[in-house]
Amino acid sequence: MYKIIFIDIDGTLRNDRKEITEKTKEAIHKVVEKGIYVVICSGRPGKYVEEISKEALASSYVIGCNGGEIYDYKEKKTIYVNALEDEEVITLWHMAEKYDVQLIMISNGKRIVRKQTDDETDIILEELIENFVINNPVTQCVFSSMELESIQSIKEEINLKNLGIVNLSKCLINNELPKEKPFFLDVTCNGTSKGEAIKKLCEYLKIDLKDSVALGDSYNDLSMFDVVGHSVVMGNAPEDIKRIVDEVTDTNNEDGVAKFLEKLNKEVL
């Protein structure tokens, strides 16, 4: 019997219009009512993931920043956080300056940015990065640019510095995939991943990993699939991911999450 289910957000939980359908909410609610944890697990900041989790009627545990943080918003308790070293953040900031690209730092649940964005909640850093990092832990840095070459160059430099790239534009992994702008690169502490966070939360909740399920659609979900008892990928995922998981459900535009949970509810739960 499965005891915990981890669900990615973009391309998985939500459709292409960024909606969580009523059918998906109802399916999640029924699973949670049976005492099964449903944990939203994303590369986005923890506070953002919390709002999505509440909208989806999921459990109060959330995993944000590609595994860099675990939070229980019901108890208002941080279970785990893995911040970058100050010198690493400074290096990444100056790298963004060098290539003149956007850098988004996730710190204390907020997005601190190098350049103005369309999001009014983003905060432009107005002090020296060397001063900022003294009292502000950074769990994830995101590079973003309309120029593919810039992100490719940054990726090469980060690899040389042995930092952890936990998510990136799909075309940077498989050049046969569409080159969708803006191009991006998510960086955390080396060893940080959704899979590692899943292991930590399951240990915290005293749940055996074999009793866990993960649903995702992209390459940063592979670490989840590696550790859970049952891996499920969306129909909109790349073909090379579909070949290595336990099950493929429908696409995110066809209520793939809801259909899997409904089937699971009948067969297993």
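Sequence positions are assigned chain by chain, starting from 1 and proceeding in written order. Local features in this predicted model are restricted to residues of pLDDT 70 or higher, and side-chain atom pairs are both shown and tallied only at a pLDDT of 80 or more, whereas totals for entire chains, interfaces and linings draw on every residue. Water and hydrogen atoms play no part in the side-chain values, which are based on all heavy atoms of the structure.

(A) Spotlight on the packing of helix α1 (residues 22-33) against helix α9 (residues 256-267). To get an axis, a line is fitted to the C-alpha atoms, and for a helix only the part in contact is used. The angle between two axes follows their N-to-C directions and goes from 0 to 180 degrees. The numbering of helices and of strands both runs from the N terminus, where a helix is a DSSP run of H or I of at least 4 residues and a strand a run of E of at least 2. Between α1 and α9, whose axes approach to 8 Å, the crossing angle comes to 30 degrees. The chirality of how α1 crosses α9 is left-handed. When α1 is examined against α9, the residues Lys-23, Thr-24, Ala-27, Ile-28 and Val-31 are found in contact with a partner set consisting of Val-257, Ala-258, Lys-259, Leu-261 and Glu-262. Class assignment of the residues belonging to the contact of α1 with α9 gives a composition of six nonpolar, one polar and three charged. Left-handed describes a crossing in which the near helix is turned anticlockwise from the far one by less than a right angle; the clockwise case is right-handed. Note on definitions: a residue-residue contact is assigned when non-hydrogen atoms from the two residues lie within 4.5 Å. Residue classes follow a fixed rule: Ala, Val, Leu, Ile, Met, Phe, Trp, Tyr, Cys and Pro count as nonpolar, while Asp, Glu, Lys and Arg count as charged, and any other residue, Gly among them, counts as polar.

(B) Geometry of the sheet that holds strand β7 (residues 110-113). The strand order across the open sheet formed by six strands is β8-β7-β6-β9-β11-β10, and the pairing between neighbours is mixed. Edge positions in the open sheet fall to β8 (123-124) and β10 (164-168), since each of these has one partner strand only. Of the strand pairs in this sheet, β7 and β8 are connected by two bridges, and their pairing is parallel. Considered in β8, the bridge of Ile-112 is made with Ile-123. In this fold helix α3 (residues 86-99) packs onto β6 (102-107), β7, β9 (140-145) and β11 (183-188), with an angle of close to 155 degrees to the strand it touches most, β6. Strand pairing follows a simple DSSP-based rule, namely that at least 2 bridges must link the two strands.

(C) Quick peek at a negative patch on the surface. A cluster of acidic residues, Glu-85, Asp-86, Glu-87, Glu-97 and Glu-130, forms a negative patch at the surface. Top contributing element to the negative patch by residue count: α3, with three residues. Within the secondary structure, Asp-86 sits in helix α3. Classification of residues uses two cut-offs on accessible area relative to the type maximum, computed with a 1.4 Å probe and protein chains only: under 20% is buried, over 50% is exposed, and between them is partly exposed. Given the relative accessible area of 35%, Asp-86 is considered partly exposed. Within the patch definition used here, like charges are joined within 9 Å and nonpolar side chains (Val, Leu, Ile, Met, Phe, Trp, Tyr) within 5 Å, considering only residues with over 30% relative accessible area and no salt bridge. Working definition of accessibility: Shrake-Rupley area with a 1.4 Å probe, residue cover restricted to the visible protein chains. The rule for a salt bridge is simple: a side-chain nitrogen of Lys or Arg has to be within 4 Å of a carboxyl oxygen of Asp or Glu. A residue counts as positive if it is Lys or Arg and as negative if it is Asp or Glu; His and the chain ends are not included. Every charge is mapped to an atom, namely NZ of Lys, CZ of Arg, CG of Asp or CD of Glu.

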